[in-house]
Amino acid sequence: MKRRDLLRGISVSALGLLAFPPQALSIGGVLPALNQPAPDFQLDGVVPGEGAAAGTAVAASRSLSDFAGQWLVLYFYPRDFTGGCTIEARGFQKDLEAFHQAGAQVVGISADDPDSHAEFCGSEALAFPLLSDPAGTVSKRYGSWIAPFSQRHTFLIDPQGVLRSSWVAVRPSGHSQEVLATLRQQQPALRA
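Residues numbered from 1 in each chain as written. Predicted model: local features only at pLDDT ≥ 70, side-chain atom pairs only at ≥ 80, totals over all residues. Heavy atoms only, no water.

A. Just the overall build of the chain, in detail. When its secondary structure is counted, the chain shows 6 helices and 11 strands. Taking all 192 residues of the chain together, 44% fall into the buried category. In the chain, the share of contacts with a sequence separation of at least 24, taken over all contacts with a separation of at least 6, comes to 64%. Within the structure as shown, the chain displays about 10100 Å² of accessible surface, and the carbon and sulfur contribution to it stands at 57%. (Helix = DSSP H or I, 4+ residues; strand = E, 2+ residues; numbered from the N terminus. Buried < 20%, exposed > 50% of the residue type's maximum accessible area, 1.4 Å probe, protein only. Contact = heavy atoms within 4.5 Å. Areas by Shrake-Rupley, 256 points an atom, 1.4 Å probe, with all protein chains shown as cover.)

Right, here's the structure in full:
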């Protein structure tokens, strides 16, 4: 192969790459693009304390539109009652009031069924919704699925439903603080 042919091939390949928008990949698939509308969802699950005594979780369905006008921290995790998932959930629960003060809701999604979520909420005193995605339908839209589990990814969605930040291969310990710091950076009026 002549040098000129090699350079021409490289140039054509480079131009070809520019014609396609870049897609961020993660272990769980293709991640949704930042600064674009977040993938929609509608899932069943549990909402602790809603319409029931404190400390209990009731069956509920939630969609992205239910959080319109609010920031949303949407986090995917593999399983209820596992070490890392419990640490991560406890972190979000510990910081839940700070998220609420910043105008944000927290929602967890895994493949576990609503009964498992209800037990997990009860045992860990969680006060935020956990949604069930057993077939990984929503997890796939967020690039967070390797059957049969959701991967540990988190997404920050603004009040207009636009995806503003994402975290992949999350380390459970301290993750909630990391998300909260990013949320505050995106809300200059909340900086103290």
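B. Just the environment of D112, in detail. Locating D112 in the fold gives a position in the loop between β6 (104-110) and α4 (114-124). A relative accessible area of 5% places D112 in the buried class. For the pair D112 and S150, spaced 38 residues apart in sequence, the C-alpha separation works out to 9.5 Å. Each residue touching D112, except ones within four places of it in the same chain, is listed here: Y77, P78, R79, D80, H117, S132 and D133. For D112, the side chain forms a polar contact with the side chain of S110, separated by 3.0 Å. (Polar contact = N/O pair within 3.5 Å; in protein donor to acceptor, adjacent residues only side chain to side chain.)

C. Focus on the sheet that holds β6. One open sheet holds the 7 strands; their spatial order is β4-β3-β7-β6-β5-β10-β11, and the pairing between them is mixed. Since the sheet does not close on itself, it has two edges, and those belong to β4 (57-63) and β11 (163-167), each with one partner. The sheet shows a mean angle of 25° between the axes of neighbouring strands, taken without regard to direction. For β6 and strand β7 (residues 130-132), the ladder comprises 3 bridges, and the chain directions are parallel. Considered in β7, the bridge of G108 is made with L130. Across the sheet, helix α6 (residues 175-185) touches β5 (71-76), β6, β10 (153-157) and β11, and the angle it forms with β11 is around 155°. (Pairing = 2+ DSSP bridges. Axes fitted to C-alpha atoms, helices over the stretch in contact; angles between N-to-C directions.)

D. Spatial organisation of the pairing of β10. Within β10, 5 of the 5 residues are buried, which leaves the element mostly enclosed by the surrounding structure. Two elements, β5 and β10, share 5 bridges in a ladder whose sense is antiparallel. Considered in β10, the bridge of Y75 is made with T154. The pairing of β10 with β11 spans 4 bridges and is antiparallel. If you follow I157 over to β11, its bridge partner there is L163. Connecting β10 to the antiparallel partner β11 that follows it, the hairpin turn spans 5 residues, and G161 within it adopts a positive phi of roughly 85°.

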